[in-house]
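Structural overview for review
The lines below spell out each chain.
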2 protein chains.
Amino acid sequence: MATAAFTIQARQPGSLARAGLLHTAHGDVRTPAFVPLATKATVKGLLPEEVAALGFEMVLGNTFHLHLRPGEELIERLGGLHGFMGWPGPIITDSGGFQVFSMGHGTVADEIKGRSPHGSAGRVGSILSIDEAGVRFRSYVDGRERFLSPERSMAIQAALGADIALVFDECTPFHVERGYTENSTLRTHRWLERCLDWHAEHGPAGQLVYGIVQGGVFEDMRRDSARVVAASACEGIAIGGSLGDHKEQMYEVVGWAMEELGGEHEERPRHLLGIGDIDDLIRGVELGVDTFDCAIPTRLGRHGCALVPDPARRWRLDLLKGRSREDPAPLQDGCPCPACSGGLSRAYLSYLVRAKELTGMRLLTLHNLTFMAGLMRELREAILAGTLAEVAGAWRGGEKHPHA
Amino acid sequence: MATAAFTIQARQPGSLARAGLLHTAHGDVRTPAFVPLATKATVKGLLPEEVAALGFEMVLGNTFHLHLRPGEELIERLGGLHGFMGWPGPIITDSGGFQVFSMGHGTVADEIKGRSPHGSAGRVGSILSIDEAGVRFRSYVDGRERFLSPERSMAIQAALGADIALVFDECTPFHVERGYTENSTLRTHRWLERCLDWHAEHGPAGQLVYGIVQGGVFEDMRRDSARVVAASACEGIAIGGSLGDHKEQMYEVVGWAMEELGGEHEERPRHLLGIGDIDDLIRGVELGVDTFDCAIPTRLGRHGCALVPDPARRWRLDLLKGRSREDPAPLQDGCPCPACSGGLSRAYLSYLVRAKELTGMRLLTLHNLTFMAGLMRELREAILAGTLAEVAGAWRGGEKHPHA
């Protein structure tokens with residue numbers, strides 16, 4: 001189903017990559033693009049104009065967290081999420097499905113790190129019941145009982161005034177059996193229809209809805225889920241859920257979905273949820289993903305890690321370790337971020353991180369987002385110029401980085 | 001003793017207030033001026049260019065904290081404090097005396113709040129011995145034994161490359177007896193001479209030294225201490241120690257010192273240590289103080305308090321309380337800070353503070369420093385225009401504020 005939400009400007013021969021324009025009620029987003037998280041109505045530590053100045057055109061807010069605090073009623077009264085947080089550009093909101101189900105399943109991060117879901121559940125709240133109607137849980141903010149469902153999630157996203165709403169899904173974890181994933185995916189499909197029904201009747205004019213492809217790591221279910229979502233009335237498509245326990249499996253799983261989303265469906269924009277490692281972004285673009293969101297670049301920054309062109313170390317420099325403590329060099333020569341262009345040394349940044357100074361978190365957040373914006377800009381320009389293979393190769397080899 | 005460190009540009013008839021230019025190796029500071037704290041080599045959450053853009057020309061670093069981490073050797077290798085933190089303008093450094101003695105005495109804040117010094121000592125480290133040579137204590141960073149003395153403090157401030165070094169003093173608390181204060185003040189005077197002797201031999205070219213007036217709340221001792229400091233070779237004079245347990249007493253104590261610092265000594269710049277309430281700044285300027293430093297505006301900001309023109313509430317708006325939670329108004333109409341000029345509501349700021357978001361701390365810090373800069377600019381302009389009495393009165397009445 002063709003839609004006016006997306007214009008493909010160029011395709012890269014020999015790959016599924018494309019460059020495009022995502023059209024929203026608050027402006028266009030040039031793709032491929034990385035979408036910084038404004039989970040709780042702010043990109044942590046940054047002002048809206050700073051986020052825009054870095055080159056980002058869209059941010060991602062979170063239905064679950066904003067519903068619990070300060071509540072969508074207040075945000076709606078204060079001009080919706082755009083007015084509330086002072087961000088005039090496009091906003092996509094996550095549906096809350098991931099957060100709600102993380103209480104029961106544990107998060108993907110817990111899974112990777114071997115943490116028990118119970119530990120995590122204690123942190124974010126607790127589930128009281130899950131059934132076809134929706135999920136009942138206890139708020140981590142005030143302990144009150146709350147309820148989220150497809151309709152409630154869409155109503156909240158309508159009140160928030162999101163340009164792009166995501167449907168309410170169950171984010172199935174990796175460690176469950178095929179039978180669990182199958183039931184969960186089928187329920188996600190039923191919830192997709194309920195979300196679209198609610199939106200058709202009550203959704204705000206101009207708000208786009210993205211369906212979410214689930215299906216775990218099972219090829220038949222992933223492909224089937226992609227076909228079901230593609231056959232629905234949604235304007236865009238997100239890939240969610242567990243994508244596997246290593247990168248090659250993730251690329252395979254995303255690839256299955258992308259194959260099903262080609263052909264007659266290719267004019268719909270595609271979003272890959274929660275993925276943001278440098279190599280994953282490059283591969284995601286090659287697989288035809290248009291937008292990505294992820295906590296990694298900002299979270300790394302708040303914990304003392306800087307993004308640098310060093311593929312052997314996953315593009316990460318941990319300022320708490322090793323020689324950084326006395327290193328007079330900037331994070332990266334030529335980088336236009338305030339830390340690098342201001343002549344601040346790795347030693348200074350390492351010191352700020354050790355002293356737990358807010359300025360350190362902020363400088364590293366700005367640097368990392370500058371790096372991300374530079375990467376995405378280069379990938380987009382490469383697609384427009386037909387040089388993606390070379391540019392991606394140079395990035396993977398560490399020969400290329402945003403300012404080289 | 002006249003000195004080239006300060007030029008008086010205008011005096012306000014009927015008060016001791018003056019407007020001037022403080023000349024340092026890294027540029028001039030227009031006075032009266034507030035000096036934001038960069039205790040640990042950063043104004044918490046702000047970049048150097050942001051501090052400058054607010055209108056501040058000097059910041060204050062801390063010898064005690066920077067000595068313990070990252071150490072003055074590293075800072076010196078990386079271009080001194082100016083290069084290390086990327087601040088090209090004037091820097092004044094506190095001597096560490098206040099912090100060291102706070103471990104034993106408890107801080108003035110502890111005193112006001114009735115906290116025991118032992119609780120505070122556990123937080124910042126612990127004193128091992130105090131004698132004429134100096135103070136031996138345990139570092140709060142790594143538990144190692146450290147030693148500070150007049151000579152060590154001056155050597156550290158030389159390595160930091162401070163434009164203005166403060167002499168190492170004992171900051172006497174309020175709750176001690178007259179006998180304690182007397183002994184302590186006499187030792188501070190002996191330490192003043194040791195600091196000046198060290199500086200005469202080893203001090204960096206262009207570094208100014210400020211002596212510190214002690215003497216507690218006893219008129220004879222305050223006046224005597226002011227005379228002793230004024231008779232020394234220091235280029236500027238700071239007022240330190242306990243100033244009393246209420247504002248009128250503080251103004252009286254500062255007034256005694258200021259009377260002694262008039263006449264032949266008036267060409268020396270005067271700094272009031274650790275004072276920063278709005279009414280105290282206004283009165284301090286009227287008493288002839290040229291510069292002030294204080295944690296209040298930035299600390300209030302990090303804890304959810306905004307400065308507003310409301311004298312009845314000590315110019316403070318606590319965003320955690322009352323109607324702010326749903327208030328669509330900005331903190332202050334016409335204020336050029338990012339929060340107010342960006343149309344962000346009190347409700348949004350209240351939410352950010354409750355959610356403990358870094359952006360909230362940052363926005364309130366920027367707002368509060370904008371308020372401080374505006375106040376000091378207006379007081380200076382009033383002295384230059386001969387209208388200080390009216391301007392100060394309007395501020396005290398809440399009729400005037402930085403953008404009215």
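Residues numbered from 1 in each chain as written. Chains lettered and ligands numbered in written order. Predicted model: local features only at pLDDT ≥ 70, side-chain atom pairs only at ≥ 80, totals over all residues.

Digging into the overall build of chain A
Each helix and strand counted, chain A has 17 helices and 16 strands in total. The principal-axis extent of the C-alpha atoms belonging to chain A is close to 60 × 50 × 40 Å. Buried positions account for 57% of the 404 residues belonging to chain A. (Helix = DSSP H or I, 4+ residues; strand = E, 2+ residues; numbered from the N terminus. Buried ≥ 20, exposed ≤ 12 C-beta atoms within 10 Å, placed from the backbone.)

Concerning the interface of chain A and chain B
Between chain A and chain B, the residue contacts involve 31 residues of the former and 31 residues of the latter. Considering every element that reaches the side of chain A that touches chain B, the biggest residue donor is helix 15 (residues 346-354) of chain A, with 5 residues. Here the side of chain A that touches chain B is composed, by residue class, of 17 nonpolar, 7 polar and 7 charged. (Contact = placed C-beta atoms within 7 Å. Nonpolar A, V, L, I, M, F, W, Y, C, P; charged D, E, K, R; others polar.)

Describing the pairing of strand 8 (residues 135-139) of chain B
All names here are of chain B. Pairing of strand 8 with strand 9 (residues 145-148), which is carried by 4 bridges, proceeds in the antiparallel orientation. Each residue of the ladder has a partner; that of Val-135, found in strand 9, is Leu-148. Hairpin remark: strand 8 followed by strand 9, antiparallel, with 5 residues in the connecting loop; positive phi at Gly-143, about 75°. (Pairing = 2+ DSSP bridges.)

Structural notes on unusual backbone geometry
Residues and elements named next belong to chain B. The peptide bond linking Thr-31 to Pro-32 adopts the cis configuration, its omega dihedral lying at 0°. Its place among the elements puts Pro-32 in the loop between strand 3 (27-31) and strand 4 (33-35). Across the junction of Arg-69 and Pro-70, the peptide omega takes the value 0°, indicating a cis bond. Summarising the element assignment, Pro-70 is placed in the loop between helix 2 (63-68) and helix 3 (72-77). Its identity as a non-glycine residue notwithstanding, Arg-314 has a phi of 55°, on the positive side. Structurally, Arg-314 is set in the loop between strand 15 (305-307) and strand 16 (316-318). Under the C-beta neighbour-count criterion, Arg-314 is labelled exposed, with 11 such atoms within 10 Å.

Topic: the domain arrangement of chain A
All names here are of chain A. Along its sequence, chain A is carved into domain 1 (6-294) and domain 2 (304-395). Between the C-alpha centres of domain 1 and domain 2 the distance comes to 27 Å. With 26 residues of domain 1 at the contact, the number on the domain 2 side is 21 residues. Of all the elements in the fold, those that place two or more residues in the side of domain 1 that touches domain 2 are strand 1 (6-11), strand 2 (18-24), strand 4 (33-35) and helix 12 (278-286). With 5 residues, helix 12 is the single largest residue contributor to the side of domain 1 that touches domain 2. Of the residues contributing to the side of domain 1 that touches domain 2, the split by class is 15 nonpolar, 6 polar and 5 charged. (Domains from an automatic or database assignment.)

Some thoughts on the relation of the copies chain A and chain B
Note on the identical chains: chain A maps onto chain B by a rotation of 180° and an axial translation of 0.0 Å, with an RMSD of 0.0 Å. Here the symmetry operator amounts to a two-fold rotation axis. Of the C-alpha atoms belonging to chain A, the one lying closest to the rotation axis is found on Leu358(A), 3.8 Å away. Both copies present the same face, since 100% of the interface residues in chain A are matched by interface residues at the equivalent positions in chain B. (Least-squares fit on C-alpha atoms with pLDDT ≥ 70 in both.)

Some thoughts on the sheet that holds strand 9 (residues 145-148) of chain A
Residue and element names in this part refer to chain A. Read from one edge to the other, the open sheet built from 3 strands follows the order 7-8-9, with strand pairing classed as antiparallel. A single partner strand is all that each edge strand has here, and the edge strands are strand 7 (126-130) and strand 9. Adjacent strand axes in the sheet meet at a mean angle of 25°, parallel and antiparallel pairs treated alike. Direction of pairing for strand 7 relative to strand 8 (residues 135-138): antiparallel, over a ladder of 4 bridges. Bridged to Ser-126 within strand 8 is Arg-138. (Axes fitted to C-alpha atoms, helices over the stretch in contact; angles between N-to-C directions.)

Structural notes on the nonpolar core
Ranked by size, the top nonpolar core spans 250 residues in total, and within it Val59(A), Tyr210(A), Leu349(A), Val59(B), Tyr210(B) and Leu349(B) carry the most contacts. Beyond its immediate chain neighbours, meaning those up to four positions away, Tyr210(A) contacts Ile164(A), Leu166(A), Val167(A), Cys234(A), Gly236(A), Ile237(A), Ala238(A) and His271(A). (Core = buried A, V, L, I, M, F, W, Y, C linked by C-beta atoms within 7 Å.)

Notes on the sheet that holds strand 1 of chain A
Residue and element names in this part refer to chain A. Reading across the sheet, the 3 strands line up as 1-2-3 and stay open at both edges, with antiparallel pairing between neighbours. The open sheet terminates on both sides in strands that have one partner only, identified here as strand 1 and strand 3 (27-31). Ignoring which end each strand starts from, the neighbouring axes of this sheet average 15° apart. In this structure, strand 1 lies alongside strand 2, joined through 5 bridges in antiparallel fashion. Looking at the pairing, Phe-6 lines up with Leu-22 of strand 2. Of the strands in this sheet, strand 1, strand 2 and strand 3 are in contact with helix 16 (residues 358-385), which crosses strand 2 at around 115°.

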